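# Coordinates in review
Chain by chain, the residues run as shown.
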Amino acid sequence: MAGGVKPTIRPERLLANLGYGSRKEAARLIRSGAVCLGGQPLTDPAKPIPRPAPGEMMVNGEPLDPLPPLTLILHKPAGYVCSHRDPEGGPDIFDLLPPRFRLRDPRISMAGRLDKESTGMVVLTDDGQLLHRVTSPRRHLPKLYLVEVDRPLRGDEVEIFASGTLVLRGEEDKPLKPAELRPTGERSATVELREGRYHQVRRMFAALGNHVTKLHRQSIGALDLGSLEEGQWRLLEDAERALLDTES
Ligand code: URA
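Residues numbered from 1 in each chain as written. Predicted model: local features only at pLDDT ≥ 70, side-chain atom pairs only at ≥ 80, totals over all residues. Heavy atoms only, no water.

Another point: the environment of Glu25. Mapped onto the elements of the fold, Glu25 is located in helix H2 (residues 23-31). A relative accessible area of 43% places Glu25 in the partly exposed class. When the C-alpha positions of Glu25 and Asp115 are compared, they lie 36 Å apart, and in sequence the two are 90 residues distant. Engagement of the side chain of Glu25 in a polar contact is seen with the backbone nitrogen of Ser22, the distance being 2.7 Å. (Helix = DSSP H or I, 4+ residues; strand = E, 2+ residues; numbered from the N terminus. Buried < 20%, exposed > 50% of the residue type's maximum accessible area, 1.4 Å probe, protein only. Polar contact = N/O pair within 3.5 Å; in protein donor to acceptor, adjacent residues only side chain to side chain.)

Here it is as structure tokens:
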């Protein structure tokens, strides 16, 4: 558990922080007998309790949601925005998670976005230090993308992407860092990036006169999306969180 976390907590506060409702609603839930600790219903919402171990507390017969720090990966489908709300009113990735996750404190944020039409791995966490380590431009954490384009590859993409001289429109003074492209077909490739500029993969291909028709993020650091189905999510184990932190 992170330093500074108190060993005890008021149950009403614990539930409110996990998104079960306002402090008042949580207190009401507890007084109704719906919250059990070690098999016994809690009665006093304000009486501090030790932070419960996984499976120790039940709410309405269901295990309490995981306490912070919480880190998960989501296989984002196309059409969902990586945001807490789509300004255009469409679905966002929190619609794919339990509704309580939107309401947690500390807040769950994404460690690196994908654009609306892209698919693949999105990491979400309430752990500010992990968030910083995964997104820090100084870390150069590799991200692997599977790309499909609408025109046949020219043949010089490998060299141009690897050169460290390619510039994006509007960023002429900031050449891109070398990126590794591996053709996988006439119109498909994998691209490994070690930086994350706005719509970077799409803009890299646009700079060479091509157009990305499909973009999928397969891995971040040493953590691979694996067989997680589109639209599904899962919590990460500690060992997997470490993979996320691994540079190569
Ligand atoms: N590059 C893009 O163009 N879009 C993404 O979502 C990620 C990388």
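More follows now that the structure is in view.
In this section: the pairing of strand E12 (residues 188-193). Remark: a regular strand shows side chains that alternate across the two faces of the sheet. Counting buried residues in E12 gives 5 out of 6 residues, a clear majority hidden from the surface. As paired strands, strand E10 (residues 143-149) and E12 are joined by 6 bridges and run antiparallel to one another. Paired with Val147 across the strands is Ala189, a residue of E12. Relative to E12, strand E11 (residues 180-185) runs antiparallel, the two sharing 5 bridges. In the sheet register, Pro183 faces E12, and the bridge partner there is Ala189. Linking E11 back to E12 in an antiparallel pair, the connection comprises 2 residues. (Pairing = 2+ DSSP bridges.)

By a frequent convention, interface size equals the accessible area lost on bringing the separate parts together. Here the domain parsing of the protein yields domain 1 (2-63), domain 2 (71-137 + 222-243) and domain 3 (143-220). Of note, the centres of domain 1 and domain 3, computed from C-alpha atoms alone, are 48 Å apart. (Domains from an automatic or database assignment.)

This brings us to the site of the ligand. Around the ligand sit Leu114, Asp115, Ser118, Tyr145, His199, Gln200, Val201, Arg202 and Leu215, and those are all the residues in its vicinity. One of the backbone nitrogen or oxygen atoms of Val201 is found 3.0 Å away from a nitrogen atom of the ligand. For the ligand, whose unbound accessible area comes to 240 Å², protein coverage reaches 95%. The cavity where the ligand resides is the largest pocket. Of all the elements, helix H5 (residues 200-207) adds the most residues to the shell around the ligand, at 3 residues. Residues belonging to the shell around the ligand are distributed by class as follows: 4 nonpolar, 3 polar and 2 charged. When residues of the shell around the ligand are assigned to domains, at least three fall in each of domain 2 (71-137 + 222-243) and domain 3 (143-220). (Near = heavy atom within 4 Å. Areas by Shrake-Rupley, 256 points an atom, 1.4 Å probe, with all protein chains shown as cover. 1 Å grid on protein atoms, 1.4 Å probe; cavity = no way out; pocket = protein on both sides within 12 Å on 5 of 7 lines; lining within 4 Å. Sits in = over half its atoms within 2 Å of the grid points. Nonpolar A, V, L, I, M, F, W, Y, C, P; charged D, E, K, R; others polar.)

Geometrically, a pair of aromatic rings is defined through the distance of the ring centres and the angle of the planes. Tallied over the full model, the rule gives 2 aromatic pairs. Seen in terms of ring centroids, Phe101 and Trp233 are 5.5 Å apart; in terms of plane orientation they differ by 65°. Their pairing is edge-to-face. Taken as a pair, Phe101 in the loop between strand E7 (71-76) and strand E8 (109-110) and Trp233 in strand E15 (residues 233-235) lie far apart in primary sequence, 132 residues in all. Classification of Phe101 by relative accessible area gives buried; the value is 3%. The exposure class assigned to Trp233 is partly exposed, which follows from its relative accessible area of 28%. Between Phe161 and Phe205, the ring centres sit 5.2 Å apart and the planes meet at 75°, which makes this aromatic pair edge-to-face. Of this pair, Phe161 sits in helix H4 (residues 157-162) while Phe205 sits in helix H5, and the two are 44 residues apart along the sequence. (Phe/Tyr/Trp six-rings, centres within 6.5 Å; stacked < 30°, edge-to-face > 60°.)

With that out of the way, let us pick up the side chain of Ser188. Along the chain, Ser188 turns up in strand E12. For Ser188, a relative accessible area of 19% translates into the label buried. A polar side-chain atom of Ser188 sits 3.2 Å from the main-chain amide nitrogen of Gly185. Here Ser188 is in contact with Val147, Glu148, Leu153 and Pro183, once residues within four sequence places are set aside. (Contact = heavy atoms within 4.5 Å.)

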